[in-house]
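# Architecture at a glance
Each chain, letter by letter, is given below.
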Amino acid sequence: MVLDKLGESLKNTLDKITKAMFVDDKLINELVKDIQKSLLQADVNVKLVFELTKSIKERALKEETPKNISKKEHLVKIVYEELVKFLGGNGAKIEITKKPFTIMLVGLFGSGKTTTTGKLAKYYAKRGHKVAVITTDTWRPAAFDQLQQTAVKVGVDFYGDKGAKDPVAVYKKFEKELKAYDIVIVDTAGRDALNNELIGELNKINKNIHADETLLIISADIGQAAQKQAETFHETCNITGVIITKLDGTAKGGGALTACSVTKTPVKFIGVGEKADALEEFKPEGFVGRILGMGDLETLLEKVHDAISEEDAKDLGKKFLQGEFNLIDLYEQMQAMKKMGSLSKVLDLIPGMGSKIPKELLEDQEVKLDKWKYTMQSMTKEELEDPEIIDGERTERISKGSGMSTGEVRELIKQYKKAKKLMKMMKGNEKNMEKMMKQMGSAPVKF
Ligand code: GDP
Ligand code: MG
């Protein structure tokens, strides 16, 4: 369906978040621009687009990131939540509350009323309801045959009075029989436009039928004009919801769908094809999840989890730049580096630095990290904060406590000293270091 294109571009936008190293103003601005572009291409109203992206931006900049998720996850979550809200929040399910439950479909010529009558009948029959359809379209001569054929196809009972002139009389004629059904779907006549004649006719039918749901059928190809139409029908004919049809065939689908979401009449179903089963209950959550590719969204959130958090990286950069540094920092930094990928690749980004790094620092990071962890767990706070005080006696004690050999403990201290020297070297190289951090911040750095 055409909205797939919208989903595709929104998905690409969210991918950018994953690939970026930091969530910063620049990324948020870029994201907001991308979302605007995608929605405008899908014919969504400019004002609505700006309202939506404004709230995404505001939340992204102001809202504190919840403790258990990263900034990136938070950003994805905000985009998802705002899109869902934009499309009507939790959705508006039709609750079948009584018997018979009457659903009347209204709308202009060609919007898809008769087709949708068949689709709805099939939808509810499949869910175990006893369904009947009735045509009150006494306006178009072929209306009777069209709905009768549709009813036969989907296997539900059909009522109508061929050649009748008064829609209310048709309904009255079968009213008693219709009481035997769980759900009665009433097809009505349309007009070219919502004129007084149509308003009068619909109100007269409604007064006699007391429909439990009056649904306006709107063809997606009218785009943003859907809003005005939904509002006018709401004011004059008391509609309770909208069904957008032909979402499979028009680039303006996004316009019609979102336009209705801001009216008092929620979109309850969408039509996505000519066949009888091309009808979907409209649930914004599922819809947004699907156009964004829920599977992808999940992978994305997982990916975001794995990536280094902004705070981690910022701390890392700051500590590097300031040369402030103890054993715990070294351990944390090695851990952070591991998350970012191979340390040597990170350091290769600093011109002229890659070759100066001691080989041992780059090898067996994982094994080393574990050994370090055990060793450090046996150290006192003072020792961790100032490893220079670790003499032979202390080394002995740490070795016993951690189960590491004295050689391994000494190795750790040696690594620490080397790293410290390296930090000093980098300190004289702050420009390059800053450049590296910036590079990691703006452009996706892939390891
Ligand atoms: P009515 O005048 O409101 O009763 O409209 P109809 O039900 O007769 O439909 C008008 C045309 O729209 C028919 O050709 C239908 O096949 C077509 N149509 C209705 N719904 C959809 C839909 O969801 N997708 C597509 N592609 N065509 C549809
Ligand atoms: Mg019709």
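Our structure's up above, just so we're on the same page.
All residue numbers refer to positions counted from 1 along the written sequence of the respective chain. Written order decides the labels, with chains lettered from A and ligands numbered from 1. Given that this is a predicted model, residues contribute local features only at a pLDDT of at least 70 and side-chain atom pairs are listed and counted only at 80 or more, while totals for whole chains, interfaces and linings are drawn from all residues. The basis for every side-chain value is the complete set of heavy atoms in the structure, and neither hydrogens nor water enter the calculation.

## Some words on the overall build of the chain
Scanning the chain from terminus to terminus reveals 21 helices and eight strands. Only protein chains enter the calculation, and the probe is 1.4 Å; a residue is then buried if its accessible area is under 20% of its type maximum, exposed if over 50%, and partly exposed in between. Counting over 447 residues, the chain shows a buried share of 50%. Residue contacts are defined here by distance: any two heavy atoms, one from each residue, within 4.5 Å place the two residues in contact. For the chain, contacts bridging at least 24 residues in sequence account for 74% of all contacts bridging at least 6. Here the chain has roughly 21700 Å² of accessible surface; of this, 50% comes from carbon and sulfur atoms. Helix and strand definitions follow DSSP, with helices as H or I runs of at least four residues and strands as E runs of at least two, each counted in order from the N terminus. Surface exposure here means Shrake-Rupley accessible area, sampled with a 1.4 Å probe, where a residue is shielded only by the protein chains that are shown.

## Focus: the pairing of strand β5 (residues 213-219)
The element β5 is extensively covered by neighbouring structure, given that seven of its seven residues are classed as buried. The two faces of β5 match: E213, L215, I217 and S219 on one face and T214, L216 and I218 on the other face are all buried. Pairing geometry for strand β1 (residues 101-106) and β5, over four bridges, is parallel. Each bridged residue has a counterpart across the sheet, and for V106 the counterpart in β5 is L216. Running through helix α9 (residues 226-237), the crossover from β5 to the neighbouring parallel element strand β6 (residues 241-245) is right-handed. Should DSSP find at least two bridges between two strands, the strands are regarded as paired. A crossover gets the label right-handed when its path from the first strand over the helix to the second runs clockwise, viewed with the strands pointing away from the viewer.

## Overview of the site of ligand 1
Proximity is defined per residue: if any heavy atom of the residue lies within 4 Å of a molecule or strand, that residue is considered near it. Lining the immediate surroundings of ligand 1 are 18 residues, of which G110, K113, T115, D248 and E274 lie closest. A distance of 2.9 Å is found between an oxygen atom of ligand 1 and a backbone nitrogen or oxygen belonging to G112. As used in this structure description, the phrase polar contact means that two N or O atoms lie within 3.5 Å; if the pair is within protein, one of them must be able to donate a hydrogen and the other to accept it, and residues adjacent in sequence are counted only when both atoms belong to side chains. Separating an oxygen atom of ligand 1 from a side-chain N or O atom of T115 is a distance of 2.5 Å. In the complex, 81% of the free accessible area of ligand 1, which totals 580 Å², lies under the protein chains. With a 1 Å grid laid over protein atoms only, a set of points is called a cavity when a 1.4 Å probe fits there but cannot get out and a pocket when it is open yet has protein on both sides within 12 Å along at least five of seven lines; lining residues have an atom within 4 Å of a point. Cavity and pocket membership follows a simple rule, namely that a molecule belongs there if more than half of its atoms are within 2 Å of the grid points. More than half of the atoms belonging to ligand 1 lie within 2 Å of the grid points that define the largest pocket. Broken down by element, the residue count for the shell around ligand 1 peaks at four residues, all from helix α5 (residues 113-126). Following the grouping adopted for this structure description, the nonpolar residues are Ala, Val, Leu, Ile, Met, Phe, Trp, Tyr, Cys and Pro, the charged ones are Asp, Glu, Lys and Arg, and the polar ones are all others, Gly among them. Each residue belonging to the shell around ligand 1 can be placed in one class, and the counts come to three nonpolar, nine polar and six charged.

## Some thoughts on the packing of helix α3 (residues 46-62) against helix α4 (residues 71-86)
Viewed as axis vectors pointing N to C, α3 and α4 meet at an angle of 145°, and their least axial separation amounts to 10 Å. For α3 against α4, the interelement crossing comes out right-handed. Counting all contacts with α3, which are made through L48, L52, S55, I56, R59 and A60, the residues of α4 involved are L75, I78, V79, E81, E82, L83 and F86. Fitting a line to C-alpha atoms yields each axis, with helices limited to the stretch in contact; the angle taken between N-to-C directions then spans 0 to 180 degrees. Two helices that cross are described as forming a left-handed crossing if the nearer one is turned anticlockwise from the farther one by less than a right angle, and a right-handed crossing if clockwise.

## A short note on the packing of aromatic side chains
Aromatic pairs are defined between Phe, Tyr and Trp rings, using the six-membered ring for Trp, whenever the two ring centres lie within 6.5 Å; interplanar angles under 30 degrees are classed as stacked, those over 60 as edge-to-face, and all others as tilted. All told, the structure shown has five aromatic pairs when counted by the stated rule. With centroids separated by 5.0 Å and ring planes inclined at 85°, the aromatic side chains of Y123 and F269 adopt a geometry described as edge-to-face. Taken together, the residues span a long stretch of sequence, with Y123 in helix α5 and F269 in strand β7 (residues 267-271) at a distance of 146 residues. On the basis of relative accessibility, which here comes to 11%, the residue Y123 falls in the buried class. On the accessibility criterion, F269 (2% relative accessible area) is buried. Taking 5.0 Å as the distance between ring centres and 85° as the angle between the ring planes, the aromatic pair formed by F144 and F158 counts as edge-to-face. Residue F144 is found in helix α6 (residues 143-154), and its partner F158 is found in strand β3 (residues 157-159); the two are separated by 14 residues along the sequence. Relative accessible area serves as the criterion here: at 14%, F144 is assigned to the buried category. Aromatic rings pair up to connect Y123, Y124 and F269 into one cluster. Here the guanidinium or amino end of K130 rests over the ring plane of Y181, the centre of that ring lying 4.6 Å away. Geometrically, a charge over a ring is one whose NZ (Lys) or CZ (Arg) sits within 6 Å of the ring centre while staying within 35 degrees of the ring normal.

## Details of the layout of surface pockets
A water-sized probe, rolled over the atoms, reveals where empty space remains. A volume near 570 Å³ is recorded for the largest pocket. Surrounding the largest pocket, 28 residues form its lining, T114, T115, T116, Q146 and E274 being those nearest its centre. Looking at the lining of the largest pocket, the elements with two or more residues in it are α5 and α6. If you tally residues by element for the lining of the largest pocket, the top one is α5, at seven residues. Its residues placed into classes, the lining of the largest pocket shows three nonpolar, 15 polar and 10 charged. Grid points are joined across faces, edges and corners, and a volume is the space filled by probe spheres set on the points.

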